[in-house]
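Structural overview
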Amino acid sequence: MDPIRSVRNSRALYAARPGRRAVVVADLAQLRGPTSGVVELSHRLFWQSDRRVDLDAPGLLAWMYETVLAEAVHPDELRAWLHGPTLIQLWSDLYLPRGVRLAWEDRHPMLRARDVAA
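All chains use their own residue numbering, which begins from 1 and follows the written sequence. Local features in this predicted model are restricted to residues whose pLDDT is 70 or higher, and side-chain atom pairs enter the listing and the counts only when it is 80 or higher, whereas totals over whole chains, interfaces and linings include all residues. Side-chain calculation: all heavy atoms of the structure are included, whereas hydrogens and water are not.

1. Remarks on the pattern of salt bridges
Salt bridges are identified by distance alone: a Lys or Arg side-chain nitrogen within 4 Å of an Asp or Glu carboxyl oxygen. Inspection of every chain in the model, using the stated rule, returns 5 salt bridges. The partner of arginine 20 in a salt bridge is glutamate 71, and the shortest N-O contact between them spans 3.4 Å. Taken together, the positions of arginine 20 in strand 2 (residues 20-21) and glutamate 71 in helix 2 (residues 60-71) put the pair 51 residues apart, joining distant regions of the chain. A run of H or I in DSSP counts as a helix once it spans at least four residues, and a run of E counts as a strand once it spans at least two, with each numbered from the N terminus.

2. Focus: the confidence of the model for the protein
Across the protein, the average pLDDT comes to 85, with 85% of residues at or above 70. Per-residue confidence from the predictor is reported as pLDDT, a score between 0 and 100. Residue contacts are counted whenever heavy atoms from the two residues lie within 4.5 Å of one another. Long-range and interchain partners of residues 1-9, a stretch whose pLDDT sits below 50, account for 2 contacts in this model, where long-range means more than four residues apart.

3. Quick word on the nonpolar core
By nonpolar core is meant a set of buried Ala, Val, Leu, Ile, Met, Phe, Trp, Tyr and Cys residues that side-chain atoms within 4.5 Å join together. When accessible area is computed with a 1.4 Å probe and restricted to protein chains, residues below 20% of their type maximum are described as buried, those above 50% as exposed, and intermediate ones as partly exposed. Met64, Leu69, Leu78, Leu87 and Trp104 are the most contacted members of the largest nonpolar core, which has 31 residues in total. Those elements giving two or more residues to this core turn out to be helix 2, helix 3 (75-81), helix 4 (84-90) and helix 5 (98-107). Broken down by element, this core gets its largest block of residues, 5 residues, from helix 2.

4. Some remarks on the environment of glutamate 66
Structurally, glutamate 66 is set in helix 2. On the accessibility criterion, glutamate 66 (19% relative accessible area) is buried. Along the primary structure glutamate 66 and leucine 94 are separated by 28 residues, whereas in three dimensions their C-alpha atoms are 6.2 Å apart. In contact with glutamate 66, not counting residues within four places along its chain, are Asp93, Leu94, Tyr95 and Leu96.

5. Notes on the environment of methionine 110
Structurally, methionine 110 is set in the loop between helix 5 and helix 6 (113-117). Judged by relative accessible area, methionine 110 falls into the partly exposed class, the value being 39%. A sequence separation of 22 residues divides methionine 110 from isoleucine 88, and the C-alpha atoms of the two residues are 8.5 Å apart.

Written as structure tokens, this is what we have:
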């Protein structure tokens, strides 16, 4: 196989979107973000004028996790907005780009659906 094509394919495997790799933290314990209350996402993560999210409203905590996981470009964004135990709890129900899911599950095998359910 062409080595350049192999590198391109490996980059695409973990893509959050075309041309951008998913960001993953080394340890889920580093994730200490909010789990309740009203928060305001940074403009870089969510481009709307009203970036406030009520994490106590049904579905919005999961929505915020999906947004942060797909849009983060630096581990500090993950650390600021995600909470490790909550991520584990929500993982199997999150709608994520394939590359994001693969990157996180390869780095943290315990997130794989069969392991989370056990």
